[in-house]
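# Per-entry structural report
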Amino acid sequence: MITARQSRAARALLGWTQETLADKAQVSLTALKRLESESGLEVYETTRDQVRRALEAAGVVLLSTDRGHGVLLVDDRRNRKL
């Protein structure tokens, strides 16, 4: 499950606005704002899943351990031939 902080951090790594992520995830901007809210607003699991999939497609890895949550942006440039 993606957290509000993970979504905001992933957007920051990608340089995406909320509008960009909402568009790529095919969710409403209002739904994304609810997901990213620290107020604990209810969000459909399908919304969380679509946002997660959009971020993963852009190279974001969501991390979750018993010590906390985070994000990693995979740099695939090293796999490209120059």
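I will try to describe carefully the structure that is included in this document. Chains are numbered independently. Their residues run from 1 in the order of the written sequence. Under the rules for a predicted model, residues below a pLDDT of 70 receive no local features and side-chain atom pairs below 80 are neither given nor counted, while totals for whole chains, interfaces and linings still include all residues. As a rule here, side-chain values come from all non-hydrogen atoms in the structure, and water together with hydrogens is ignored.

Here a strand is any run of E in DSSP of at least two residues, a helix any run of H or I of at least four, and the numbering for each starts at the N terminus. Secondary structure summary: the chain contains 4 helices and 2 strands in total. Reading the chain from its N end, one meets helices and strands in the order α-α-α-α-β-β. Our radius of gyration is a C-alpha quantity, and the globule rule it is checked against amounts to 2.2 Å times the number of residues to the power 0.38. Against the globule reference of 12 Å for 82 residues, the chain gives a C-alpha radius of gyration of 13 Å, in line with a compact fold. Projecting the C-alpha coordinates of the chain onto the three principal axes gives extents of approximately 45 × 30 × 20 Å. Residues counted as buried form 30% of the 82 residues belonging to the chain. For the exposure calls, accessible area comes from a 1.4 Å probe over protein chains only, and a residue counts as buried if that area is under 20% of its type's maximum, exposed if over 50%, partly exposed in between.

This brings us to the pairing of strand β2 (residues 68–73). On a regular strand, each side chain points to the face opposite its neighbour's, so the side chains alternate between the two faces of the sheet. Following DSSP output, two strands are said to pair if at least two bridges run between them. Bridge analysis of strand β1 (residues 60–65) against β2 gives 6 bridges, and the strand direction is antiparallel. When the bridges of β2 are listed, leucine 63 appears paired with glycine 70.

Quick look at helix α3 (residues 29–36) now. Within the sequence span of α3, burial applies to Ala31, Leu32, Leu35 and Glu36. The arc that holds the buried residues of α3, viewed along the axis, is 130 degrees, so those residues lie on one side. Two residues form a contact once any of their heavy atoms are found within 4.5 Å. Buried positions along α3 lie against α1 (4–14), α2 (18–25) and α4 (45–57). To be clear, the arc concerns the directions from the helix axis to the C-beta atoms.

Counting residues in each nonpolar core, the largest one holds 14 residues, and the members touching the most others are Leu21, Ala25, Val27, Leu32, Val51 and Leu55. Elements that contribute at least two residues to this core include exactly α2, α3 and α4. Residue contacts for leucine 32: discarding those within four places in its chain leaves Ser7, Gln18, Leu21, Ala22, Val27 and Val51. Residue types Ala, Val, Leu, Ile, Met, Phe, Trp, Tyr and Cys, when buried and joined through side-chain atoms within 4.5 Å, form a set referred to as a nonpolar core.

Okay, the packing of α3 against α4 next. Orientation is described by lines fitted to C-alpha atoms, with helices fitted over the stretch in contact, and by angles between N-to-C directions that extend from 0 to 180 degrees. Across the interface, α3 lies against α4 with an axial gap of 10 Å and an inter-helix angle of 90 degrees. Our classification of the angle between α3 and α4 gives roughly perpendicular. Of the residues in α4, those in contact with Ala31, Leu32 and Leu35 of α3 are Thr47, Arg48 and Val51. Put simply, Ala, Val, Leu, Ile, Met, Phe, Trp, Tyr, Cys and Pro go in the nonpolar bin, Asp, Glu, Lys and Arg in the charged bin, and everything else, Gly too, in the polar bin. Residue composition of the contact of α3 with α4, grouped by class: 4 nonpolar, 1 polar and 1 charged. Any angle that falls under 35 degrees is termed roughly parallel, while one over 145 is termed roughly antiparallel, one within 65 to 115 roughly perpendicular, and all others oblique.

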